[in-house]
Amino acid sequence: NIVLIVMDTLRADRLSCYEYPKETTPNLDALAARGLLYEEARATSSWTWPSTASILTGLHPQTHGVVSDGRCYLDARLQSLPEVLEERSYTTVAFTCNPLIVPNKNFHQGFENFDSYPTFRKSDVVLGTIKNFMKQYAGTRFFMYLHLVDPHDKYQLTDTARDRVGLPDQPPGGSLPKSFKDIRSSLLQGRGHDDQGLLDTDQVLSTEYQEWIKLSYDAAVATADDYVGEIVAELSALGLTEETIIVFTSDHGEELFEHGHLAHGQSLHEELVRV
């Protein structure tokens, strides 16, 4: 079997197996320890559509053509990974929690079953269905594509993840002064730099609130790891560990104020493309 997990919005340097000092990802660390860890992997883009199209086709964006909002349809003439595997008698299934990866953009090409939703949903919503699929098809050879989004805002954090990174129950003062969307919008308008073009994100959000957002992201990464751990444990419980290849990656990373911005898609800096 092949289980391909794409964890949306996950920057490599926040994983403890990539030497992050906090123990954010014990389950992924264990997976890396018994497998192969790529230290210099790069996504082909810093946002979801082009990068995911590359993962599913093996092609650069300039070749597969998914390069903008207006050109986000996966060309049916391209051969996709699930098509290749289906030809080799794999049962192919996808569970996608990102509303960009949906049938009406042809990302379901080659999948026998494609479970998607028009809005973001976190891993806890689909985990039961994923486990049921593995139980039902344990006796077959399957390819399962999981596009999970736990490190993507808006975060829904597990208690174990909060505890692991030391995230308090409330931000400083009880709440953030601005929404995530408004902070990002202000930074995209250039307000994260001073008149000389030097980095100055404090004029948009104070340092203590920036640190809260960074710590919240760490907890989101740890939450993602919790769910990956459950998937790996289910494979083990079904006796499939020795006959399943688990591939784990991300479509892109996340900027956390390093270059005057927040979130992703606005540049190609290391924190956005190293996966």
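Residues numbered from 1 in each chain as written. Predicted model: local features only at pLDDT ≥ 70, side-chain atom pairs only at ≥ 80, totals over all residues. Heavy atoms only, no water.

Chemist: Help me understand the sheet that holds strand E1 (residues 2-7), please; the structure alone is not making it clear to me.
Modeler: To summarise the sheet geometry, strands pair through backbone hydrogen bonds and adopt either a parallel or an antiparallel arrangement. Across the sheet, which stays open at both edges, the 5 strands sit in the order E3-E2-E4-E1-E5 with parallel pairing between neighbours. Single-partner strands in this sheet number two, and they are strand E3 (113-115) and strand E5 (245-249). For this sheet the average axis-to-axis angle between neighbouring strands, irrespective of direction, equals 10°. Bridging between E1 and E5 involves 5 bridges; their strand directions are parallel. Considered in E5, the bridge of Leu 4 is made with Val 247. (Pairing = 2+ DSSP bridges. Helix = DSSP H or I, 4+ residues; strand = E, 2+ residues; numbered from the N terminus. Axes fitted to C-alpha atoms, helices over the stretch in contact; angles between N-to-C directions.)

Chemist: Can you walk me through the packing of helix H1 (residues 26-33) against helix H8 (residues 207-237) in this structure?
Modeler: Where H1 contacts H8, the axes come no closer than 7 Å and their chain directions differ by 55°. Considering the angle they form, H1 stands oblique to H8. Counting all contacts with H1, which are made through Pro 26, Asn 27 and Leu 28, the residues of H8 involved are Asp 225, Asp 226, Val 228 and Gly 229. In terms of residue class, the contact of H1 with H8 is made up of 3 nonpolar, 2 polar and 2 charged. (Parallel < 35°, antiparallel > 145°, perpendicular 65-115°, else oblique. Contact = heavy atoms within 4.5 Å. Nonpolar A, V, L, I, M, F, W, Y, C, P; charged D, E, K, R; others polar.)

Chemist: Which parts of the structure should I look at to understand the side chain of Ser 80?
Modeler: Looking at where Ser 80 falls in the secondary structure, it is placed in the loop between helix H3 (61-64) and helix H4 (81-87). Those residues in contact with Ser 80 that lie beyond four places of it in its chain are Leu 56, Gln 109 and Gly 110.

Chemist: Got a minute to help me understand the packing of helix H5 (residues 123-136) against H8 in this structure?
Modeler: If you want to describe how two helices pack, look at the angle between their axes and the distance between the axes. Where H5 meets H8, the closest approach of the two axes is 10 Å, and the angle between their N-to-C directions is 15°. Judged by the inter-axis angle, H5 sits roughly parallel to H8. Judged by the twist between their axes, the crossing of H5 over H8 is right-handed. Counted together, Ser 123, Asp 124, Leu 127, Lys 131, Met 134 and Lys 135 of H5 and Tyr 227, Glu 230, Ile 231, Glu 234 and Leu 235 of H8 form the full contact between these two elements. Of the residues contributing to the contact of H5 with H8, the split by class is 5 nonpolar, 1 polar and 5 charged. (Left-handed = near helix turned anticlockwise from the far one by under 90°.)

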